[in-house]
Amino acid sequence: MSRIPLRKAAKDISIVLCGAAGQGVQTVEELLIGAFRQAGYSVFASREYMSRVRGGNNSTEIRISSWPIRAFVDRIDILVPLSPGIRDNILRRISEETVIICDSKEMGEEGESLGGSLFDVDIVQIAKDIGGRIFANFVAAGVIIGLIEGGLEWAKGFCDERFAGKKEDIAEKNKIALERGYEVGRALVKGDSILLPPEAVMRSAHRVVMNGTDAISLGALAGGCSFITAYPMSPATGVLTYMAQKAEEMGIVVEQAEDELAAINMALGASYAGARAMVSTSGGGFDLMCEGISLAGVMETPVVIHLAQRPGPATGMATRTEQGDLDVALYGGHGEFPRAVLAPATLEEAFRLGAKAFYLAETYQIPVILMTDQYFLNSYYDIPIPDVKAAVIPSAIIETEEDYRRYEITSNGISPRGIPGYGKGIVGADSHEHDEIGHVYEDFDLRERMVRKRFRKLEKMKVEAEEPLFVGPSDYRTLIIGWGSTFHILEEALDYIGRSDVALMHFQQLYPLPENLGERLEQAQRIVVVEGNNRGQFARLLKSEIGREPDYVLGHYSGLQFSVEQIARDLDSCFIGEVLS
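One structure accompanies this document, and this report is about it. (Residues numbered from 1 in each chain as written. Predicted model: local features only at pLDDT ≥ 70, side-chain atom pairs only at ≥ 80, totals over all residues. Heavy atoms only, no water.)

1. Side note on the pattern of salt bridges
It is possible for side chains bearing opposite charge to pair when their charged atoms get close.
Okay, step 1: If you walk through the whole model with that rule in mind, you get 36 salt bridges.
Okay, step 2: In this structure, Arg63 engages Asp12 in a salt bridge whose closest nitrogen and oxygen atoms are separated by 3.2 Å. Taken as a pair, Arg63 in strand β3 (residues 55-65) and Asp12 in strand β1 (residues 12-21) lie far apart in primary sequence, 51 residues in all. One exposure class covers both Arg63 and Asp12, and it is buried.
Okay, step 3: When the shortest N-O distance is used, the salt bridge between Asp382 and Arg37 registers 4.0 Å. In this pair, Asp382 sits in strand β14 (residues 379-384) while Arg37 sits in helix α1 (residues 25-38), placing the two residues 345 residues apart along the sequence. Summarising the burial analysis for this pair, Asp382 and Arg37 share the class buried.
Okay, step 4: Among the charged side chains, a network of salt bridges with common partners joins Asp12, Arg63, Arg75, Asp77 and Glu492. (Salt bridge = Lys/Arg side-chain N within 4 Å of Asp/Glu carboxyl O. Helix = DSSP H or I, 4+ residues; strand = E, 2+ residues; numbered from the N terminus. Buried < 20%, exposed > 50% of the residue type's maximum accessible area, 1.4 Å probe, protein only.)

This is the structure:
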C-alpha cells in the first residue's frame, strides 16, 4: 500500500466527504467533528446537500487545525467519495495535491478520471464483511480518523449513544467498521500522522462545538423566548426542531402552524398576552408573513422573526445559500413603521444577538428580523461556552392602572406596555390607526401624531445600534464592507492577501445603521462591498442612508457560499491591485 504524503507543516487540513443522500454523510460529519475535537483540534465544518431525500450527492467539508479556523475554502486536501456522481462544484476543486481515498470498484470509470493522488481502499467490501454496505460510511470515517490518529475511542462512544437500542446490534458493527477503517488509515500513513505539530493542539475544556442553528436557538432561549411557531421551510426548520427538543426542559410552547400566515399571527397573539414570541422561516414564508409584520408595526407588538435566507425567487434553490432577502427584510409589510434588522457574523454573535433581538423587540415594541442563511446555519465550529446569564433580559411589562393608555404618546415614542389581566387597565390593540387608548378614529391630525410617535423610537435605536466589526489597520486606504455570514471568510481572505492598507468593516445590524457611520467611510479611497446577491442590496442601503456609494460591489449568487480563495483572488487581482499597486 502506498504512503500518503505527510503534511506536518500544514496550518490546517481540508477534508471533503461526499456520497448519495441516504448514505449517512451528515452522521459521519457529526462523528468526525466530535472525534477531532476530542483529539484537541479546532474544527470547522460546512455541509452541502441537494433538495432530495434519496439520490443526488451530498457533501461536507471539515477543516481541522491547531489554530481556530472558521471559514469555507475551495482547497481539498483529502477527498473521500462514497459513491459516483460527484457534483461538478467539487470536481473543480480537486488539484494535483488532493489525496483521494475511494473504493475504485465502487466508483468505476469516474474514479479513474478524478485526478489528484488516488488511494484505492476496499471500503464496500470491508463493510460487506462486517454485515452490509450500510457500514461503508463508518469504514470511511475510521480511515480518516486513522490518518489523523486521534478520536477513535470518542467515535466508538458516539456509536453507543447514537445507535443504542437499534436492531441487529448496529452500534457494535459500526464500531467494528470504525476499527477496520482506522487500521487502513494508519497503514496509509505507515503509522505516522498527516496533520499538525502536536504541541500546538488546542485542548481547552471551555469550548463547545455548535452550528448556526444551535447558536440562534440557544440565544433565543437565553433571551427568554417562551413561544415559537413556524411552518417548516428549509433552512429555517432546524430552529423549530431544536426548540421542540428543548420545549419540556425549558418550559416553552412550540407550535407547527398550518402555514406562515397562521404562524405570524399566532406569535402576535402570544406576544399580546405577554409571551416572548418568535417565528422562524425562509424567504418565501417571510413574504406570506408581511401582512402580519405590518400588523405588529401598528399594534406595537414585540415579535422576533428569524429569516433564514436561501436563493429565490419563489422556491429557487431550496437547500442552497444566498444573501438575497435584505430588501424584503427592510421593506416588507405595507405602510411605514420602525423595525430592526440584525445579521450575526459569528456563532458567538448569533447567540448574543439571538438574545438581543428579544431585548430590542420588547424595549421598542417592534418587529425584529434576525437574518441568517443556509451556509451560516449549517456551519459548525468550536467557540467558548456562551455566557447564558449575561444574555438574560429583564421584563419591560408593567402592571397597569385604571387610566392606562396602551399607546400613550411619549417623547421617545415608547409607550408603557401592559398585558391583559396584569393590572386594572384595559390593554387596547387594533389593526386600524387608533388613539392612545386603542380606540379606532379616522382623525388626520391623530394619524400624523401616531406616525411620528412610532418613528421617534428610531432615534434611540440608532444610538444603541450594533457597531460594525472592524479588522485591519486604522490607516486603511481600501475598505472592504460585508454583512452577516461572510465575516470569517472575508477575515481569512484579508489575512491571505496580507496587505497593510486594507481593512474590513462588517455589519451585524443592518437597520437602523449606527450613528456617525459616514465619518468612518470618508477615510477610504475605495470601498468594496461584498455580499451574496446580484444587485448589491446592502450597498444600496449604504448609499440611501449614508450617501456614500461604494466603488465596487462584489456579488455572488450561484447558490454556493463564497470561498476564502475566491474573495482573496478577486480582491487582490481585480480591485485592490488596480488601485494600490
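Next comes the rest of the description.
2. Quick word on empty space enclosed by the protein
Okay, step 1: Summed over all chains, the structure comprises six cavities of 30 Å³ or more.
Okay, step 2: Estimated volume of the largest cavity: approximately 110 Å³.
Okay, step 3: As for the largest cavity, its lining consists of 15 residues, of which Thr321, Gly532, Leu560, Gln561 and Phe562 are closest to the centre.
Okay, step 4: Residue composition of the lining of the largest cavity, grouped by class: five nonpolar, eight polar and two charged.
Okay, step 5: Quantified by volume, the second largest cavity comes out at close to 70 Å³.
Okay, step 6: Taken together, Phe44, Arg70, Ala345, Leu347, Tyr375, Phe376, Ser379, Tyr381, Ser485 and His488 make up the full set of residues lining the second largest cavity.
Okay, step 7: If you list the elements that add at least two residues to the lining of the second largest cavity, you get α15 (374-377) and β14.
Okay, step 8: Here the residues of the lining of the second largest cavity sort into six nonpolar, three polar and one charged. (1 Å grid on protein atoms, 1.4 Å probe; cavity = no way out; pocket = protein on both sides within 12 Å on 5 of 7 lines; lining within 4 Å. Points joined across faces, edges and corners; volume = space filled by probe spheres on them. Nonpolar A, V, L, I, M, F, W, Y, C, P; charged D, E, K, R; others polar.)

3. Quick notes on the pairing of strand β9 (residues 253-256)
Okay, step 1: Across four bridges, strand β8 (residues 227-230) lies against β9 in parallel orientation. Among the inter-strand pairings, Thr229 is bridged to a residue of β9, identified as Glu255.
Okay, step 2: In this fold, β8 hands off to helix α10 (residues 237-250), which returns the chain to β9; that crossover is right-handed. (Pairing = 2+ DSSP bridges. Right-handed = clockwise from strand over helix to strand, strands pointing away.)

4. Here's the deal with the layout of surface pockets
Okay, step 1: Looking at the largest pocket, its volume works out to about 580 Å³.
Okay, step 2: If you trace the largest pocket, you find 20 residues lining it, with Asn211, Thr213, Asp214, Gly238 and Tyr380 closest to the centre.
Okay, step 3: Those elements that provide at least two residues to the lining of the largest pocket are α1, β7 (207-211), α9 (212-222) and α10.
Okay, step 4: Among the elements that take part in the lining of the largest pocket, α10 stands out by supplying six residues, more than any other.
Okay, step 5: Considering only residue class, the lining of the largest pocket consists of seven nonpolar, nine polar and four charged.
Okay, step 6: Lining the second largest pocket are 13 residues, with Glu30, Gly34, Trp154, Phe158 and Val209 sitting closest to its centre.
Okay, step 7: Counting residues per element, the ones that place at least two in the lining of the second largest pocket are α1, α7 (152-162) and β7.

5. Side note on the pairing of strand β5 (residues 99-102)
Two faces, one strand: in a regular strand the side chains alternate between the faces of the sheet.
Okay, step 1: Here β5 shows no split at all, with Val99 and Ile101 on one side and Ile100 and Cys102 on the other all buried.
Okay, step 2: Here two bridges tie strand β4 (residues 78-81) to β5, and the two strands are oriented parallel to one another. Bridging across to β5, Leu79 finds its partner in Ile100.
Okay, step 3: Pairing geometry for β5 and strand β6 (residues 117-120), over four bridges, is parallel. Looking at β6, one finds that Cys102 is bridged to Asp120.

6. Comments concerning the sheet that holds strand β15 (residues 469-471)
Okay, step 1: Overall, mixed pairing links the five strands, which are arranged β15-β17-β16-β19-β20 in an open sheet. Two strands close off the open sheet at either side, each with one partner strand: β15 and β20 (552-555). Between one strand and the next, the sheet's axes are offset by a mean angle of 20°, whatever the strand orientation.
Okay, step 2: Taken together, the four bridges between strand β19 (residues 526-531) and β20 define a ladder with parallel strand orientation. (Axes fitted to C-alpha atoms, helices over the stretch in contact; angles between N-to-C directions.)

7. Points about the nonpolar core
Okay, step 1: Counting 104 residues, the largest nonpolar core has Met371, Ile481, Phe507 and Phe538 as its most contacted members.
Okay, step 2: A total of eight residues in this core trace back to one element, the largest contributor, which is helix α14 (residues 347-364).
Okay, step 3: Not counting chain neighbours up to four residues away, the residues in contact with Ile481 comprise Met505, Phe507, Leu521, Ile527, Val528, Val529, Val530, Phe538 and Leu542.
Okay, step 4: Listed in part, the 52 residues of the second largest apolar core include Val80, Val139, Ala141 and Val189. (Core = buried A, V, L, I, M, F, W, Y, C linked by side-chain atoms within 4.5 Å. Contact = heavy atoms within 4.5 Å.)

8. Examining the packing of aromatic side chains
Okay, step 1: With the rule as written, the count across this model stands at five aromatic pairs.
Okay, step 2: Aromatic side chains Phe138 and Phe163 sit 5.7 Å apart centroid to centroid with 70° between the ring planes, which places their arrangement in the edge-to-face category. Here Phe138, found in helix α6 (residues 136-148), pairs with Phe163, found in the loop between α7 and α8 (170-188); they are 25 residues apart in sequence, far enough to count as distant. We note that Phe138, like Phe163, is buried. (Phe/Tyr/Trp six-rings, centres within 6.5 Å; stacked < 30°, edge-to-face > 60°.)

9. Description of α8
Okay, step 1: Compared with an ideal rise of 1.5 Å per residue, which puts 19 residues at 27 Å, α8 spans 27 Å between its outermost C-alpha atoms and is within 8% of the ideal.
Okay, step 2: Within α8 the residues assigned to the buried category are Ile170, Ala171, Asn174, Lys175, Ala177, Leu178, Gly181, Tyr182, Val184, Gly185, Arg186 and Leu188.
Okay, step 3: Count one or two residues on from α8 and you reach Lys190, which has phi positive near 55°. (Expected span 1.5 Å × (residues − 1).)

10. Comments concerning the environment of Ala270
Okay, step 1: Here Ala270 lies in helix α11 (residues 260-272).
Okay, step 2: Among the residues examined, Ala270 registers a relative accessible area of 12% and is labelled buried.
Okay, step 3: Expressed as a C-alpha distance, the spacing of Ala270 and Val303, which sit 33 residues apart in the sequence, is 9.4 Å.
Okay, step 4: Those residues in contact with Ala270, other than ones at most four positions away along the chain, are Phe227, Ala275 and Ala277.

11. Structural notes on the packing of α11 against helix α12 (residues 283-299)
Two measures define how a pair of helices packs: the angle their axes make with one another and the distance between the axes.
Okay, step 1: Closest axis-to-axis distance for the α11/α12 pair is 8 Å, and the angle between their directions is 30°. In terms of their interaxial angle, α11 and α12 are classed as roughly parallel. Crossing of α11 against α12: the hand is right-handed. Here Glu260, Leu261, Ala263, Ile264, Asn265 and Leu268 of α11 lie close against α12, whose contacting residues are Gly285, Leu288, Met289, Gly292, Ile293, Leu295 and Ala296. (Parallel < 35°, antiparallel > 145°, perpendicular 65-115°, else oblique. Left-handed = near helix turned anticlockwise from the far one by under 90°.)

12. Some words on the sheet that holds strand β11 (residues 303-309)
Backbone hydrogen bonds are what pair the strands of a sheet, in a parallel or an antiparallel way.
Okay, step 1: Judged by pairing direction, the sheet is mixed, and its seven strands sit side by side in the order β9-β8-β10-β11-β13-β12-β18 without closing on themselves. Edge positions in the open sheet fall to β9 and β18 (509-511), since each of these has one partner strand only. Averaged over all neighbouring strand pairs, the angle between strand axes comes to 20°, with direction disregarded.
Okay, step 2: Summarising the sheet, strand β12 (residues 340-342) and β18 pair through two bridges and their orientation is antiparallel. Within β18, the position partnered with Val341 by the bridge is Tyr511.
Okay, step 3: Packing against the sheet, α11 makes contact with β8, β9, β10 (277-281) and β11, and its axis sits at approximately 165° to β10.

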